[in-house]
Amino acid sequence: MKGIVLQRGLASNIQLVELPKPVVGPTEVMVQVKAAALNHRDEWCRKGLYPNLRDGVILGSDGAGLVEDVGAEVDPSLIGQEVLINPGKNWGANEKAQSKEFEILGMPSHGTLAEYIAVPADRIHSKPKQLSWEEAAALPLAGLTAYRALVVKGQVQAGDQVLVTGIGGGVAQFAAQFALALGAKVFVSSSSAEKLEQAIAQGASSGFMYTESNWSMQALQQTGGMDLVIDGASGNTLSNLMEVCRPGARIVFYGATRGNPGQLEARKLFWNQLQLIGTTMGNDADFLNMLQLVEKFKIKPVVDHCFPFSQAEQAFDHMKEGKQFGKIILVP
Ligand SMILES: NC(=O)c1ccc[n+]([C@@H]2O[C@H](COP(=O)([O-])OP(=O)(O)OC[C@H]3O[C@@H](n4cnc5c(N)ncnc54)[C@H](OP(=O)(O)O)[C@@H]3O)[C@@H](O)[C@H]2O)c1
């Protein structure tokens, strides 16, 4: 079968190779992948910026496809079902945080950028009927991360003013869609005026260019301040995020695309009763609740671009350049 592996000896750091089809274990199912999606994590792996990297491992955490075979201990009626895959394994018993054994498909174990993947049977879920293969593949990791950030950690309420930063990003797209579905008033930020317009067309109230130095003060004046901010960039923008908050607001961050904050105004944080909350992906209950939300509100993931496996390098470069508005899909 074809698979896209990490290969750091090459200029592109990835390679489309021929591999043996996986062997399905007793408690596993074999999924024939119809579509897979990239997450920024795949690009961090390609850049060598992810822990425990191993060359030859198939990348990719997100996938949707058909169950082709099942292990000896798995219900055979699953064969032929259309499914998507929960990429998080071994969260553990503590709802508040993942165990040390927590693992994400696509490094260090083989991932979804392949024609076939064998996964534990409890990782698969029925594909929401309204979704195409590409849309279903777009959902798992980013949808789960956005759900936990917004609902579990952010405790979003109808009527809340919510700022979702970097709206071109995969997680940000879901956070904005989920917040709108739950009755929040959504504001967005981006480096691109075109992306802001697209987000407004999708229901956002207005948008701000985070590349402009005074954007946070403008946002505060125009909106009266946020109850909740969902951010995946961190870096120096964190102090701007504190400026756009109403007293008592929550800033939930799930990533650090821009690295660590240089300076954090501690006084602003405590005097305004702000909460700075970290989050990562989500547990199995979060995944189920996220799927229910998607089904209930008929949410359609935004697919930016579909690439064939043969153009994997272009797909990864597209993510590296931050050109996307939504998810980047790879099809075997
Ligand atoms: N902890 C977790 O479980 C988890 C899960 C998923 C992702 N993440 C992390 O979260 C980050 C985003 O992931 P993703 O997969 O959604 O990535 P992505 O689809 O590649 O999106 C990246 C987006 O970041 C935005 N951005 C860049 N600099 C920014 C800044 N200074 N302020 C605000 N936004 C900025 C850009 O938005 P514009 O194009 O609109 O400017 C860009 O499109 C990555 O660092 C990733 O590793 C963590």
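Conventions and cut-offs
- Residues numbered from 1 in each chain as written.
- Predicted model: local features only at pLDDT ≥ 70, side-chain atom pairs only at ≥ 80, totals over all residues.
- Helix = DSSP H or I, 4+ residues; strand = E, 2+ residues; numbered from the N terminus.
- Rg over C-alpha atoms; globule rule 2.2 N^0.38 Å.
- Buried ≥ 20, exposed ≤ 12 C-beta atoms within 10 Å, placed from the backbone.
- Contact = placed C-beta atoms within 7 Å.
- Domains from an automatic or database assignment.
- Nonpolar A, V, L, I, M, F, W, Y, C, P; charged D, E, K, R; others polar.
- Pairing = 2+ DSSP bridges.
- Axes fitted to C-alpha atoms, helices over the stretch in contact; angles between N-to-C directions.

All right, on to the overall build of the chain then. A tally of regular secondary structure across the chain gives ten helices and 17 strands. At 20 Å, the chain has a C-alpha radius of gyration in line with the 20 Å of a compact globule built from 332 residues. In the chain, which comprises 332 residues, the share counted as buried stands at 48%. In the chain, the proportion of contacts linking residues at least 24 apart, taken out of those at least 6 apart, comes to 68%.

With that settled, consider the domain arrangement of the chain. Domain assignment breaks the chain into domain 1 (2-139 + 301-331) and domain 2 (147-278). Relative to domain 2, the C-alpha centre of domain 1 lies at a distance of 28 Å. Facing eight residues of domain 1, the contacting portion of domain 2 comprises six residues. Along the lines of polarity and charge, the residues of the side of domain 1 that touches domain 2 split into two nonpolar, five polar and one charged.

This paragraph deals with the sheet that holds strand β10 (residues 161-164). Two orientations exist for strands paired in a sheet by backbone hydrogen bonds: parallel and antiparallel. Spatially, six strands are ordered β12-β11-β10-β13-β14-β15 in an open sheet, and the strand pairing comes out parallel. In the strand order of this sheet, the two ends are held by β12 (206-209) and β15 (275-278), each with one partner. Ignoring which end each strand starts from, the neighbouring axes of this sheet average 20 degrees apart. Where helix α4 (residues 170-181) meets the sheet, its contacts fall on β10, β11 (185-190) and β13 (226-231), and the angle it forms with β10 comes to roughly 165 degrees.

Before going further, it helps to examine unusual backbone geometry. Residues Met-107 and Pro-108 are joined by a peptide bond in cis, for which omega reads 10 degrees. Looking at where Pro-108 falls in the secondary structure, it is placed in the loop between β7 (103-104) and β8 (116-120). One non-glycine residue, Asn-90, adopts positive backbone phi at about 60 degrees. Following the sequence through the fold, Asn-90 ends up in the loop between β6 (88-89) and β7. Phi is positive for Gln-273, which is not a glycine, with a value near 55 degrees. Along the chain, Gln-273 falls in the loop between α8 (266-271) and β15.

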